[in-house]
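Coordinate analysis (summary)
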Amino acid sequence: VPFFNQTPGSIGQSALLVSNPNKSVGSVQVAQTLQRWGTDTNLAFCFFRESGLEVTGLAGIRYEDLRERLDLFTNTLTLATNTNRFLEDRFNTRNQFFGGQIGGAMHWQDGVVSFDVTAKVALGDTHQVVEIQGDSGQSGPKAIPAGTFPGGLFTQPSNMGRTVKNPFTAIPILDAKLGYQITPRLRAFIGYDILYWNNVVRPGDQIDRNVNLTQSSLLGATKGVLGGPAVPAPLFVRSSFWAQDVSFGFEFRF
């Protein structure tokens, strides 16, 4: 596992050795989860309507919720001493948006074929949370030290904890649907949606690869006592989020 070593006396590019032929066996596991959901409600006002064409204005409110988690787990068994060591880093982020929304919609129909397009933009605050936690442990008949300790590799006492901020953000959305009128009340459709969310926190962006190993009870030589720069640092890096999807189904009107 590569990192930039900031330990005094060992500064430079380095790597955590997980497995070494005839000396140790080990594994690296990386797990990532993403959950997003949202809802909106709008008032509609028809600006223009004629045979086969309708243009509508929209105004309302929107809520979006984006949760992500990134876990890095390494496990190493040293064959000569039968000592087992694990390191776990956990990066969790959550973005909760609530704000006002305006937009417009157009409906076009020619015979049994229809086309709908809706454009909206939501403006408001996003409640952002970054949680950084980690653990390490060592066991075996010759394990020194033995037990469980705070901090993994990219999570150390210098950056572990919870940070909350509430920036102003924007979410533009574009929806398009192509429909086929099966009966006067039943329509089949296929659609494409795209959503853009600026200024969100995501777990991979919060990893500081500068590591001072003196903070680690297992990897350092000072039994966890910090000497030198306090890194990894508690980052709060923002980036953009895109979501695209294709939908299909039936619509019944009465």
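The structure reproduced in this document is the subject of the present report. (Residues numbered from 1 in each chain as written. Predicted model: local features only at pLDDT ≥ 70, side-chain atom pairs only at ≥ 80, totals over all residues. Heavy atoms only, no water.)

A look at unusual backbone geometry
A cis geometry characterises the amide bond from Ile144 onward to Pro145, with omega recorded as -5°. The omega torsion across Val231 and Pro232 is 10°, close enough to zero to call that bond cis. By secondary structure assignment, the location of Pro232 is in the loop between strand 11 (210-211) and strand 12 (238-252). Within the chain, Asn82 stands out as a residue other than glycine whose phi angle is a positive 55°. When you line up the elements, Asn82 lands in the loop between strand 4 (53-78) and strand 5 (83-110). For Lys223, which is not glycine, the phi dihedral falls at a positive 60°. Position of Lys223 relative to the elements: it lies in the loop between strand 11 and strand 12. (Helix = DSSP H or I, 4+ residues; strand = E, 2+ residues; numbered from the N terminus.)

Re the packing of aromatic side chains
Within the structure shown, the criterion is met by six aromatic pairs. When the centroid spacing of 6.0 Å and the interplanar angle of 20° are considered together, the rings of Phe73 and Phe86 count as stacked. With Phe73 in strand 4 and Phe86 in strand 5, the pair connects residues that are 13 residues apart, well separated along the chain. Centroid distance Tyr196 to Trp242: 4.6 Å. Interplanar angle 50°. Geometry classified as tilted. With a gap of 46 residues between them, Tyr196 in strand 10 (residues 186-201) and Trp242 in strand 12 connect regions that are remote in the sequence. Directly above the ring of Phe236 sits Lys165, whose terminal nitrogen or CZ lies 4.8 Å from the centroid. (Phe/Tyr/Trp six-rings, centres within 6.5 Å; stacked < 30°, edge-to-face > 60°. Lys NZ or Arg CZ within 6 Å of the ring centre and 35° of its normal.)

Topic: the side chain of Thr7
You can see Thr7 is positioned in the loop between strand 1 (2-5) and strand 2 (12-15). When its relative accessible area of 13% is taken as the criterion, Thr7 is described as buried. Not counting residues up to four positions away in its chain, the partners in contact with Thr7 are Val211, Asn212, Leu213 and Thr214. (Buried < 20%, exposed > 50% of the residue type's maximum accessible area, 1.4 Å probe, protein only. Contact = heavy atoms within 4.5 Å.)

Considerations on the environment of Pro150
Looking at the secondary structure, you find Pro150 in strand 7 (residues 147-150). Residue Pro150 is classed as partly exposed on the basis of its relative accessible area of 49%. Through-space distance from the C-alpha of Pro150 to that of Ser217 is 8.2 Å; in sequence the pair is 67 residues apart. With residues near it in sequence (within four places) discarded, Pro150 still touches Gly134, Ser136 and Met160.

Brief notes about the nonpolar core
Phe3, Leu153, Phe154 and Val211 are the most contacted members of the largest nonpolar core, which has 15 residues in total. Of all elements in the fold, only strand 5 and strand 6 (113-139) reach the threshold of two or more residues within this core. One finds Ile171, Ile173, Leu195 and Phe241 within the second-largest nonpolar core, a separate group that totals 10 residues. (Core = buried A, V, L, I, M, F, W, Y, C linked by side-chain atoms within 4.5 Å.)

Brief notes about the pattern of salt bridges
Under the definition given, this model contains 15 salt bridges. The partner of Lys120 in a salt bridge is Asp40, with the nearest N and O atoms 2.9 Å apart. Within this pair, whereas Lys120 is found in strand 6, its partner Asp40 is found in strand 3 (residues 24-50), the two being separated by 80 residues in sequence. For Lys120, a relative accessible area of 12% gives the class buried. Classification of Asp40 by relative accessible area gives partly exposed; the value is 27%. For Asp65, the salt bridge identified is with Arg94, shortest N-O distance 2.6 Å. With Asp65 in strand 4 and Arg94 in strand 5, this residue pair connects regions lying 29 residues apart in the sequence. (Salt bridge = Lys/Arg side-chain N within 4 Å of Asp/Glu carboxyl O.)

Nothing here speaks to function; it is all geometry.
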